[in-house]
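# Descriptive analysis of the structure
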Amino acid sequence: MYKHILITTDGSENAGLGLEHGLTLASCIGAAVTILTVTPPFPIVAAAMGAGSYTPVAVLEGYDQAQRETAERILEAAAERARHAGVSVTALHVPDATPADAILERAEALSCDLICMASHGRRGLKRMLLGSQATEVVTRSAIPVLVVRA
């Protein structure tokens, strides 16, 4: 069946449900997993609010460093959960990317045969305002996607 599952997480409680589901599945079928976290580029709105029309380099460097440190914490905790479940795991951080794009690119590049991710299941105006990375992945992916609704 599935031999390599890409599991996404942002470290949130919601994403943790998707992680647990993906790890349980991988454990049951003997699949390896790659756990992926993606950090978005520096927010354009925040950049526009910087000094005049530019954002100081120190602010950008601080943002990048904080994102790397957060990603490391998220991935180490997730990898530990995978090891505890007896699952072969690789942890991967993709910085400065749109989550859906990075998920799709990495899943294809790594020859994953399933993507597992959580979704809030928002509808209406909340979905329009907040977007849905899960919806984006599901609609664009050639690889099967397992969405765990939290």
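Conventions and cut-offs
- Residues numbered from 1 in each chain as written.
- Predicted model: local features only at pLDDT ≥ 70, side-chain atom pairs only at ≥ 80, totals over all residues.
- Heavy atoms only, no water.
- UniProt positions renumbered as here; feature names shortened; annotations may be inferred.
- Salt bridge = Lys/Arg side-chain N within 4 Å of Asp/Glu carboxyl O.
- Helix = DSSP H or I, 4+ residues; strand = E, 2+ residues; numbered from the N terminus.
- Buried < 20%, exposed > 50% of the residue type's maximum accessible area, 1.4 Å probe, protein only.
- Contact = heavy atoms within 4.5 Å.
- Axes fitted to C-alpha atoms, helices over the stretch in contact; angles between N-to-C directions.
- Parallel < 35°, antiparallel > 145°, perpendicular 65-115°, else oblique.
- Left-handed = near helix turned anticlockwise from the far one by under 90°.
- Phe/Tyr/Trp six-rings, centres within 6.5 Å; stacked < 30°, edge-to-face > 60°.
- Core = buried A, V, L, I, M, F, W, Y, C linked by side-chain atoms within 4.5 Å.

Within an unreviewed UniProt entry, the label attached to the chain reads Universal stress protein, and the organism entered is Pseudogemmobacter faecipullorum. Here the chain is described in UniProt, under the heading Sequence similarities (unreviewed entry), as follows: "Belongs to the universal stress protein A family."

## Observations regarding the pattern of salt bridges
Scanning the entire structure with this criterion turns up five salt bridges. Residues Glu 80 and Arg 83 are paired through a salt bridge, measuring 3.4 Å at the closest nitrogen-oxygen approach. A residue pair is termed a helical-turn pair when its members lie 3 or 4 positions apart in one helix, as Glu 80 and Arg 83 do in helix α3 (residues 57-84) at three residues. Glu 80 sits in the partly exposed class, given a relative accessible area of 41%. In this structure Arg 83 comes out as partly exposed when scored by relative accessible area, which is 41%. Among the ionic pairs, Arg 140 bridges to Glu 136, the shortest N-O distance being 3.0 Å. Residue Arg 140 and its partner Glu 136 are both found in helix α6 (residues 133-140); the two are separated by four residues, about one turn of the helix. Its relative accessible area of 43% is what places Arg 140 among the partly exposed residues. The exposure class assigned to Glu 136 is partly exposed, which follows from its relative accessible area of 35%. Taken together, the shared-partner salt bridges in this structure form one network comprising Glu 76, Glu 80 and Arg 83.

## Overview of helix α4 (residues 99-109)
Turning to α4, its buried residues are Ala 100, Ala 102, Ile 103, Leu 104 and Ala 107. In this structure, the buried residues of α4 make contact with β1 (4-8), β2 (32-38), β3 (89-94), β4 (114-119) and α6.

## A closer look at the packing of helix α1 (residues 13-29) against α3
Across the interface, α1 lies against α3 with an axial gap of 10 Å and an inter-helix angle of 30 degrees. As far as their axial angle goes, α3 and α1 are roughly parallel. At the point where α1 passes α3, the crossing takes the right-handed sense. Along its contact with α1, which presents Gly 16, Leu 19, Glu 20 and Leu 23, the element α3 presents Ala 78, Arg 81 and Ala 82.

## Brief notes about the packing of aromatic side chains
A full pass over the atoms with the stated rule returns one aromatic pair. Summarising the aromatic geometry, the rings of Phe 42 and Tyr 63 are spaced 5.1 Å apart at their centres and angled 90 degrees between planes, so their arrangement reads as edge-to-face. Within this pair, whereas Phe 42 is found in the loop between β2 and α2 (44-48), its partner Tyr 63 is found in helix α3, the two being separated by 21 residues in sequence. In this pair, the class of Phe 42 matches that of Tyr 63, namely buried.

## As for the environment of Ala 15
As for its placement among the helices and strands, Ala 15 is situated in helix α1. Not counting chain neighbours up to four residues away, the residues in contact with Ala 15 comprise Thr 8, Thr 9, Asp 10 and Ala 118.

## Considering the nonpolar core
Here is a general trend for soluble globular proteins: nonpolar side chains tend to be buried in one another's company. Formed by 16 residues in total, the largest nonpolar core has its most connected members in Leu 6, Ile 103, Ile 115 and Val 137. Contributions of two or more residues to this core are made by β2, α4, β4 and α6. With five residues, α4 is the single largest residue contributor to this core. Judged by nonpolar contacts, the second largest core, of 15 residues, contains Ile 7, Ala 82, Leu 114 and Val 148.

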